[in-house]
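# Notes for the structure review
Below, each chain spelled out in residue letters.
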Amino acid sequence: MTANELRKKYLDFFESKGHTIIPSASLVPRETDGSTLFTTAGMHPLVPYLLGEQHPGGNRVANVQKCVRTGDIDDVGDNRHLTFFEMMGNWSFGDYFKKEAIQWSFEFLTNQKWLGLDKNRLYVTVFKGENGIPRDEEAIATWQKVFSDAGMDVEVAGEDEMIKNNVRIIPLGTDDNFWIAGATGPCGGDTEMFYDMRPEEGKLEGKFGDLVDSFRIMEIWNNVFMEFNKTAEGKYEKLAKPNVDTGMGVERTLTVLDGGYTVFETELFKPLFEKITEISGCGYQDSEETKKAFRIIADHIRASVFMIADGVTPLNTGAGYVLRRLIRRAVRYGKLIGIEKDFTVSVAEIVIQNFGDFYPELKKQREIIFAELKKEEDKFRKTLEKGLAILNKLYPIGVKQLENLEYSPVIGKDVDPEKVFDLYQTYGFPFEIIQEELKKRGFRAGEEEFERRMKKHQDLSRTASAGMFKGGLQDSGEDTRKLHTAAHLLLAALRQILGNHVFQKGSNITPERLRLDFSHGEKVAPEQLILIENLVNRAIDAKLDVLSEEMTLEQAKKIDAMGVFESKYGEKVTVYSIINDAGEVVSREICGGPHAKNTGELGNFKIQKEEASSSGVRRIKAVLT
Ligand code: SER
């Protein structure tokens, strides 16, 4: 089945069930609700209707939505992760609910008239109940009936989540079977459908999570039963009318229909790979490295084409930064398979050929897409050239190999860490390429070690220059105070580097460290973390006074003070401001304090960890040393 046939079948099926077919919304959320840079799921543009607004198409609609998720960017290259993907969805706005949704899913998947998939290869998860929300007995009973009507005797897994005997229904907790896009909004338990990818290996048995990890089963469809609205205070309010939100990946479903094992071997990627072979002279199957490079190049250029068509341009912040990173990563992986000339435009051409019929915006924006790709690729190649020239001067290629010495550690007496770091900081030469180039010159260049040493060096020089030596004399209250101020500087830096969609979603400060949760849909790249850290440290080095002022909430809003939970504040609030020597506001927040008097007291700011906190919310842990 081709992608066009699959999309059509899906839309035809739901049209036959009374749904209005609506077009995909833009990849860039029109009104950012502050939680994501891109449309990350089909439900995203439909949130107002899920909260009760009347949809012009009625109470039942179906669509194929363009989505981008970059939280998994480092996983692209395996058999199923993508940054751009298409999600087919059927929607009930306060109309039908669990029974119909589940029955139709089963019918569409297994009926010969539709996808005709093997019902014996189907497994489903349901919400087991948690956080005061009960187990989804209705979903379980409906699945049992659906299977039994199809002549199958089906059991429900226990707490051990083991699939054995006739088990096909597996209850799981919030992490797996409770869906929310972003930090707040409509949400609820879900039921997910998985397909056995390798029945030739015999009867499927084992712990559910292990079977997913080993790719024996793969998720193809998710039906979310939205019953709640999660508020900013973390409360789950029951919606007046419950909704259904389903999401079925085009790429994964095609994989399953093809009887294949990876999304990259479907017809969505084959023509892209052919083009990459033509340009590079390498084959996709040549080695594990070429496979990975082909997948990353194809995925990233596909995503870039769709982003540019929706108005994103390469920049150093926000959505533009994600685009820049995708294009540069594609070029970098191109280099790894020997592509030294501009090539992103020729791959983009194939993307437009293959997707332009269903997504006419690609054809319309064709010239802009090519122009932006070319500009960014040129810029990046120039950066690389300049960096390489400097590196060649520092460490002429071949010297080490000629001397046949043992490999030195990256930052040993042979490499001047400051100069190498300068390559990154001043010339924007990517870390990964510095590492590769050092390796070529005979230096051992372990990724983590390199980064760690770079940072350590930075820290050491900064700590020394600031004359900060902690004697353990300060009491813990003092430490908390400083971390509090650091948290303000961090939030300001996050907004500057990532964009103004970043808001504080929570924080927790102990005398040892600070923890800040903030709205951002993507993983923060290591190089962005460094920029953020540097911004905070710059404000510290500038020894700026922390000013506090009492005023009314209205006045605070007028001067753009940031605040987290307005409702918590009384009439009078305290606003803490940090203003630089140029008179610009570095940070301004409504806060109860206490704070350091001057940023110079803070010492050295260091991010220890960046991770997901919940969907659409990231968490940073940081310390002052
Ligand atoms: N919102 C759900 C998901 O993205 C179902 O569409 O998986």
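Structure: above.
The following paragraphs examine the structure supplied in this document. The structure displayed is predicted, hence computed values, not measured ones.

For the rest of this paragraph, the subject is the overall build of the protein. Scanning the protein from N- to C-terminus turns up 20 helices and 19 strands. Of all 625 residues assigned to the protein, the portion counted as buried reaches 55%. Sequence separation of 24 or more characterises 69% of the internal contacts of the protein that already satisfy a separation of 6 or more. When the accessible surface of the protein is split by element, carbon and sulfur atoms take 48% of a total near 27400 Å².

For the rest of this paragraph, the subject is the pairing of strand β12 (residues 236-249). Pairing analysis gives four bridges linking strand β3 (residues 84-92) to β12, with the strands arranged antiparallel. By the bridge assignment for β12, Ser92 is matched with Val244. Sheet analysis places strand β11 (residues 217-230) next to β12, joined by nine bridges and oriented antiparallel. Note on β12: the bridge partner recorded for Asn229 is Glu237. What sits between the antiparallel neighbours β11 and β12 is a turn of five residues, in which Gly234 has the positive phi angle 90°.

Inspection of the region around the ligand gives Ala41, Arg69, Met87, Trp179, Asn222, Val224, Asp245, Thr246 and Gly247 as its neighbouring residues. One of the side-chain nitrogen or oxygen atoms of Trp179 is found 3.0 Å away from a nitrogen atom of the ligand. Backbone polar atom of Thr246 to an oxygen atom of the ligand: 3.3 Å apart, as the coordinates give it. Bound to the protein, the ligand loses 96% of the 230 Å² it would expose on its own. Mapped by element, the contributors of at least two residues to the shell around the ligand are β11 and β12. No other element matches the three residues that β12 contributes to the shell around the ligand. Along the lines of polarity and charge, the residues of the shell around the ligand split into four nonpolar, three polar and two charged.

Let us look at the sheet that holds strand β16 (residues 572-579). Reading across from one edge, β15-β16-β17 is the order of the three strands in this open sheet, with antiparallel pairing throughout. Only two strands of the sheet have a single neighbouring strand rather than two, namely β15 (546-552) and β17 (585-590). Taken over all neighbouring pairs, the strand axes of this sheet differ in orientation by 25° on average, direction set aside. Judged from the five bridges that link them, β16 and β17 form a sheet pairing that is antiparallel. Bridge pairing in β17 links Ile579 to Val585.

This part covers the sheet that holds strand β14 (residues 514-519). Overall, antiparallel pairing links the four strands, which are arranged β13-β14-β19-β18 in an open sheet. Edge strands, defined here as strands with exactly one partner in the open sheet, are β13 (504-509) and β18 (605-614). For this sheet, the mean inter-axis angle between neighbouring strands, taken without regard to orientation, is 20°. The sheet contact formed by β13 and β14 spans five bridges and is antiparallel. When the bridges of β14 are listed, Gly506 appears paired with Asp517. Packing of helix α19 (residues 526-541) onto the sheet brings it into contact with β18 and β19 (617-624), and relative to β18 it is tilted by some 135°.

Following the criterion strictly, the structure yields 38 salt bridges and no others. Residue Arg366 is joined to Glu367 by a salt bridge in which the shortest nitrogen-to-oxygen separation is 3.8 Å. A relative accessible area of 31% means that Arg366 is categorised as partly exposed. On the basis of relative accessibility, which here comes to 57%, the residue Glu367 falls in the exposed class. Residues Glu372 and Lys375 are paired through a salt bridge, measuring 3.7 Å at the closest nitrogen-oxygen approach. Remark: Lys375 and Glu372 occur in helix α13 (residues 366-394); sequence separation between them is three residues, near one turn of the helix. One connected set of salt bridges, linked through shared partners, spans Asp342, Lys374, Glu377, Asp378 and Arg381.

Take the side chain of Ser577 next. Note on placement: Ser577 falls in strand β16. Relative accessible area serves as the criterion here: at 4%, Ser577 is assigned to the buried category. In this structure the side chain of Ser577 is engaged in a polar contact, spanning 2.9 Å, whose partner is the side chain of Arg588. Not counting the four nearest positions on each side in its chain, Ser577 is found in contact with Asp545, Val546, Leu547, Ser587 and Arg588.

Before going further, it helps to examine the packing of aromatic side chains. On inspection of all chains with the given rule, the structure shows 31 aromatic pairs. The interplanar angle of 50° and the centroid separation of 5.9 Å between the aromatic rings of Tyr49 and Phe93 together place this pair among those described as tilted. On the criterion of sequence distance, the pair formed by Tyr49 in helix α2 (residues 47-50) and Phe93 in the loop between β3 and α3 (98-110) is long-range, its members being 44 residues apart. With a relative accessible area of 19%, Tyr49 lands in the buried category. Taking relative accessible area as the criterion, Phe93 reaches 6% and is therefore assigned buried. Ring centres of Phe108 and Trp114 lie 6.2 Å apart, and the angle between their planes is 40°; on these two criteria the pair is classed as tilted. In this structure, Phe108 and Trp114 share a single accessibility class: buried.

Of note, Arg295 is situated in helix α9 (residues 288-309). Summary of buried charges: Arg295 has no salt-bridge partner, and the nearest side chain of opposite charge, Glu265, is 4.2 Å away. Residue contacts for Arg295: discarding those within four places in its chain leaves Val76, Gly77, Asp78, Asn79, Thr262, Phe264, Glu265, Phe273 and Tyr284.

Turning to the environment of Asn131, a few remarks are in order. Note that Asn131 resides in the loop between β4 (122-127) and α4 (137-149). In sequence terms Asn131 and Gly173 are 42 residues apart; their C-alpha atoms lie 9.5 Å from each other.

On to unusual backbone geometry. The phi dihedral of Glu161 is positive, around 55°, even though this residue is not glycine. With respect to the helices and strands, the residue Glu161 is situated in the loop between β5 (155-156) and β6 (162-163). Since its relative accessible area comes to 19%, Glu161 is described here as buried. The backbone of Phe215 sits at a positive phi, close to 65°, despite the residue not being glycine. In this fold, Phe215 is placed in the loop between α6 (208-213) and β11.

What counts, and where the lines are drawn
- Residues numbered from 1 in each chain as written.
- Predicted model: local features only at pLDDT ≥ 70, side-chain atom pairs only at ≥ 80, totals over all residues.
- Heavy atoms only, no water.
- Helix = DSSP H or I, 4+ residues; strand = E, 2+ residues; numbered from the N terminus.
- Buried < 20%, exposed > 50% of the residue type's maximum accessible area, 1.4 Å probe, protein only.
- Contact = heavy atoms within 4.5 Å.
- Areas by Shrake-Rupley, 256 points an atom, 1.4 Å probe, with all protein chains shown as cover.
- Pairing = 2+ DSSP bridges.
- Near = heavy atom within 4 Å.
- Polar contact = N/O pair within 3.5 Å; in protein donor to acceptor, adjacent residues only side chain to side chain.
- Nonpolar A, V, L, I, M, F, W, Y, C, P; charged D, E, K, R; others polar.
- Axes fitted to C-alpha atoms, helices over the stretch in contact; angles between N-to-C directions.
- Salt bridge = Lys/Arg side-chain N within 4 Å of Asp/Glu carboxyl O.
- Phe/Tyr/Trp six-rings, centres within 6.5 Å; stacked < 30°, edge-to-face > 60°.
- Lys, Arg positive; Asp, Glu negative; His and termini not counted.

By themselves, these are just geometric observations and shouldn't be taken as functional.
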